[in-house]
Amino acid sequence: MKLYNSLTRTKEDFVPREEGKVKMYTCGPTVYHFAHVGNLRTYIMEDVLEKSLRYAGYDVTRCMNITDVGHLTSDADTGEDKMLKGAKREHKTVMEIAKYYTDAFFADCRKLNIRIPDLTVPATSQIPEYIRLVSALLEKGYAYIAGGNVYFDTSRLSQYYVFNRHDAEDLETGVREGVEEDENKRNKIDFVLWFTKSKFEDQELKWESPWGLGYPGWHIECSAISMKYLGEYLDIHCGGIDNAFPHHTNEIAQSEAYLGHPWCHTWFHVLHLNTAGGKMSKSKGEFLTLSLLEEKGYDPMVYRFFCLQSHYRKALVFSYEGLDNAKAAYEKLVARISQLPADGGVREEALLPFRASFREALENDLNTSLAVTALYDVLKADLTGEEKRTLIGEFDEVLSLSLLERAGEALKKEKEEIGDEEILRLVAERAEARRAKNFARADEIRDLLKNMNVTVEDTPDGPKIIRK
Ligand code: AMP
Ligand code: ZN
């Protein structure tokens, strides 16, 4: 499998450290609000990655954190805690907010056929791990205490910027966004590992630590959770592109300082979903959720299909026009599958070239649109209905578009509609027979309907149809 690695900025052959086994970590949601469809694009593409690895025969163990503490309104650890902000907005406790939006996130995942990772770990459940890690970093001289907080000392690293040539300009962007300079930092780019002093004294969740009552910085959770559950070496770490800096850069700094050796081999970043007006972001207030799309009549599968039609390393612009095109194409695809003949027989060797081109598409840096094309090729091919259904079912283990399920539903609906027409015709004929006092025929029809699990009750408003 070839994958683009953000660390080397090249497409590489993906080779896990342990043969046949992949250890995969995903930065999870900050559960202070609903996920927007941009966040969900990232989770959909990560899901396809995980399933492609499984399809290629790897045994994948995937872990994801749930950020319920530590993520401040700026990624550069300043501002208010996002969770606290959410709690204030809704007049609830931080834990109530966390529970509500974690459940909402999992509900979105289920609707989008996103497999829930093997391990999902709330950040608040791992406080002793962070304390252990921060203590070790202090001992090794990679961290210092200033003004009550513990900071990571980036000057101790030979190379801090690993993904890009981030420079003073990035930091100035931070300043432009209203990030205030922290006087305690030895270097501008140092970051907080543990807070005891915050401008926001009403921080709801605090824990005892060797440095006083406080709470962890945002980045430490992913290092600690990943190392605890997946060990010292990680094969692949994913997230949206905005996570590359500072979040992933800081994760690498602290993990490798702690371990004393390279930590994660491959970094997989999904480019953003933007609106025509620019970035989609929760902090701007208005944002698109999956529920909103559902209210507007879009099946979540349509949104998944929309995402799969473009490559994860290209920014994608959301528009209703684009979504409508995806909807039309998806519905047509489902209709075609529902009409596949029931002719039988599966010639295993006839399936091989189709499987090969599907795999080839995915194994070329997850070319999902080409994988979808491979699916259309199956529909067009000279194969039996059963062969086509077999391949579609198999491809859909990765694409997860509920294709056979929706096709089955479409077929059932079609049959029911025909059935409805027949029932209505019989009910009308029975009423007519009764009016004509032809009770023998009326009873005959009643029995016919009974066989169709339908009973008819005669009410003053006319006959009422009751289905069993
Ligand atoms: P958050 O809940 O803000 O921590 O973000 C959850 C995930 O969504 C992270 O992996 C982010 O990098 C990613 N993300 C944030 N905004 C977007 C966007 N507009 N498009 C795609 N992914 C995004
Ligand atoms: Zn993370």
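Residues numbered from 1 in each chain as written. Chains lettered and ligands numbered in written order. Predicted model: local features only at pLDDT ≥ 70, side-chain atom pairs only at ≥ 80, totals over all residues. Heavy atoms only, no water.

### Observations concerning the overall build of the protein chain
What the protein chain contains, in helices and strands, is 15 helices and 18 strands. Referenced to the eigenvectors of the C-alpha coordinate spread, the extents of the protein chain come out at roughly 100 × 55 × 40 Å. Counting every position in the protein chain, which comprises 468 residues, the buried fraction comes to 51%. Nonlocal contacts in the protein chain, meaning residues at least 24 apart in sequence, comprise 76% of its contacts between residues at least 6 apart. One way to put it: in the protein chain the 62 positive side-chain charges average out to a point 3 Å from where the 77 negative ones average out. (Helix = DSSP H or I, 4+ residues; strand = E, 2+ residues; numbered from the N terminus. Buried < 20%, exposed > 50% of the residue type's maximum accessible area, 1.4 Å probe, protein only. Contact = heavy atoms within 4.5 Å. Lys, Arg positive; Asp, Glu negative; His and termini not counted. Charge placed at Lys NZ, Arg CZ, Asp CG, Glu CD.)

### So, helix H1 (residues 37-55)
With 19 residues, H1 should reach 27 Å at 1.5 Å per residue; the first-to-last C-alpha distance of 26 Å fits that figure. With 17 of 19 residues buried, H1 lies mostly within the body of the structure. Looking one or two residues beyond H1, the residue adopting positive phi is Gly-57, at roughly 105 degrees. (Expected span 1.5 Å × (residues − 1).)

### Observations regarding the pairing of strand S3 (residues 21-26)
Of the strand pairs in this sheet, S3 and strand S4 (residues 59-66) are connected by six bridges, and their pairing is parallel. Across the sheet, the residue bridging to Tyr-25 is Cys-63, located in S4. What joins S3 to S4 is H1, and the crossover it makes is right-handed. Pairing analysis gives three bridges linking S3 to strand S12 (residues 234-240), with the strands arranged parallel. Across the sheet, the residue bridging to Tyr-25 is His-237, located in S12. (Pairing = 2+ DSSP bridges. Right-handed = clockwise from strand over helix to strand, strands pointing away.)

### With respect to the coordination of the zinc ion (ligand 2)
Any two of four tetrahedral donors ideally make an angle of 109.5 degrees at the metal, while pairs among six octahedral donors ideally make 90 or 180 degrees. Protein ligation of the zinc ion (ligand 2) involves Cys-27 (SG), Cys-222 (SG), His-247 (NE2) and Glu-251 (OE), the donor distances falling in the range 2.0 to 2.7 Å. In this structure, the zinc ion (ligand 2) is surrounded by four donor atoms whose angles at the metal cover 72 to 132 degrees, and the resulting shape is irregular. Between consecutive donors of the zinc ion (ligand 2), the numbers of intervening residues give the motif C-x194-C-x24-H-x3-E. Of this pair, Cys-27 sits in the loop between S3 and H1 while Glu-251 sits in helix H7 (residues 244-259), and the two are 224 residues apart along the sequence. (Donors = N, O, S within 2.8 Å, 3.2 Å for Na, K, Ca; no water. Tetrahedral: all angles 85-135°; square planar, octahedral: opposite > 155°, others 65-115°.)

### Here's the deal with the side chain of Thr-124
By secondary structure assignment, the location of Thr-124 is in the loop between strand S7 (119-122) and helix H4 (127-139). Using a relative accessible area of 16% as the deciding quantity, one classes Thr-124 as buried. Sequence-distant contacts of Thr-124, that is, excluding residues within four places in its chain, are made with Asp-68, Val-69, Met-95, Leu-205 and Trp-207.

### Section: the packing of helix H14 (residues 403-435) against helix H15 (residues 439-451)
It is at 8 Å that the axes of H14 and H15 come closest, and there the two elements cross at 155 degrees. As the angle between them shows, H14 and H15 are arranged roughly antiparallel. Like other packed secondary-structure pairs, H14 and H15 cross with a definite hand, here left-handed. The residues of H15 that touch H14, namely those facing Ile-423, Leu-426, Val-427, Glu-429, Arg-430, Ala-433 and Arg-434, are Phe-439, Arg-441, Ala-442, Ile-445, Arg-446, Leu-448 and Leu-449. (Axes fitted to C-alpha atoms, helices over the stretch in contact; angles between N-to-C directions. Parallel < 35°, antiparallel > 145°, perpendicular 65-115°, else oblique. Left-handed = near helix turned anticlockwise from the far one by under 90°.)

### Some points on the site of ligand 1
For ligand 1, the set of nearby residues contains 16 residues, the closest of which are Thr-30, Gly-38, Thr-42, Asp-242 and Leu-273. Between ligand 1 and the protein, one listed contact pairs an oxygen atom with a side-chain N or O atom of Asn-243 at 3.1 Å. Taking Leu-273, its main chain carries an N or O atom lying 2.9 Å from a nitrogen atom of ligand 1. Protein coverage of the free-state accessible area of ligand 1, which is 490 Å², stands at 94%. Those elements giving two or more residues to the shell around ligand 1 turn out to be H1 and S12. The element that contributes the greatest number of residues to the shell around ligand 1 is H1, accounting for four residues. (Near = heavy atom within 4 Å. Polar contact = N/O pair within 3.5 Å; in protein donor to acceptor, adjacent residues only side chain to side chain. Areas by Shrake-Rupley, 256 points an atom, 1.4 Å probe, with all protein chains shown as cover.)

### Observations regarding the sheet that holds S7
Across the sheet, which stays open at both edges, the five strands sit in the order S7-S4-S3-S12-S13 with parallel pairing between neighbours. Two strands close off the open sheet at either side, each with one partner strand: S7 and strand S13 (264-270). Neighbour to neighbour, the strand axes of the sheet diverge by 20 degrees on average, direction disregarded. Note: S12 against S13, six bridges, orientation parallel. Looking at S13, one finds that Gly-240 is bridged to Val-270. Sheet strands in contact with helix H6 (residues 218-230) are S3, S4, S7 and S12, and its direction is about 145 degrees off that of S4.

### Points about unusual backbone geometry
The omega torsion of the bond from Phe-245 to Pro-246 falls at 0 degrees, within 30 degrees of zero and hence cis. Along the chain, the position of Pro-246 falls in helix H7. Despite not being glycine, Arg-9 shows a phi value in the positive range, around 55 degrees. Relative to the helices and strands, Arg-9 is located in the loop between strand S1 (2-5) and strand S2 (10-13). For Arg-9, a relative accessible area of 35% puts it in the partly exposed group. A positive phi is found at Ser-400, a non-glycine position, where the angle reads about 55 degrees.

### Side note on the domain arrangement of the protein chain
Segmenting the protein chain into domains produces domain 1 (2-284), domain 2 (296-401) and domain 3 (416-467). With centres defined by C-alpha atoms, the gap from domain 1 to domain 3 works out at 64 Å. (Domains from an automatic or database assignment.)

### Regarding the pattern of salt bridges
Going through the model one piece at a time under the given rule, you end up with 37 salt bridges. Among the salt bridges present, the one from Glu-387 reaches Arg-347, with a minimum N-O distance of 2.7 Å. Of the two residues, Glu-387 is situated in helix H13 (residues 385-399) and Arg-347 in the loop between helix H10 (320-338) and helix H11 (348-363); the sequence distance between them amounts to 40 residues. The exposure class of Glu-387 is buried, given its relative accessible area of 0%. For Arg-347, a relative accessible area of 40% corresponds to the partly exposed category. Salt-bridge contacts for Arg-425 lead to Glu-429; the nearest nitrogen and oxygen are separated by 3.4 Å. Of this pair, Arg-425 and Glu-429 are both found in helix H14, four residues apart, which corresponds to roughly one turn of the helix. When its relative accessible area of 45% is taken as the criterion, Arg-425 is described as partly exposed. (Salt bridge = Lys/Arg side-chain N within 4 Å of Asp/Glu carboxyl O.)

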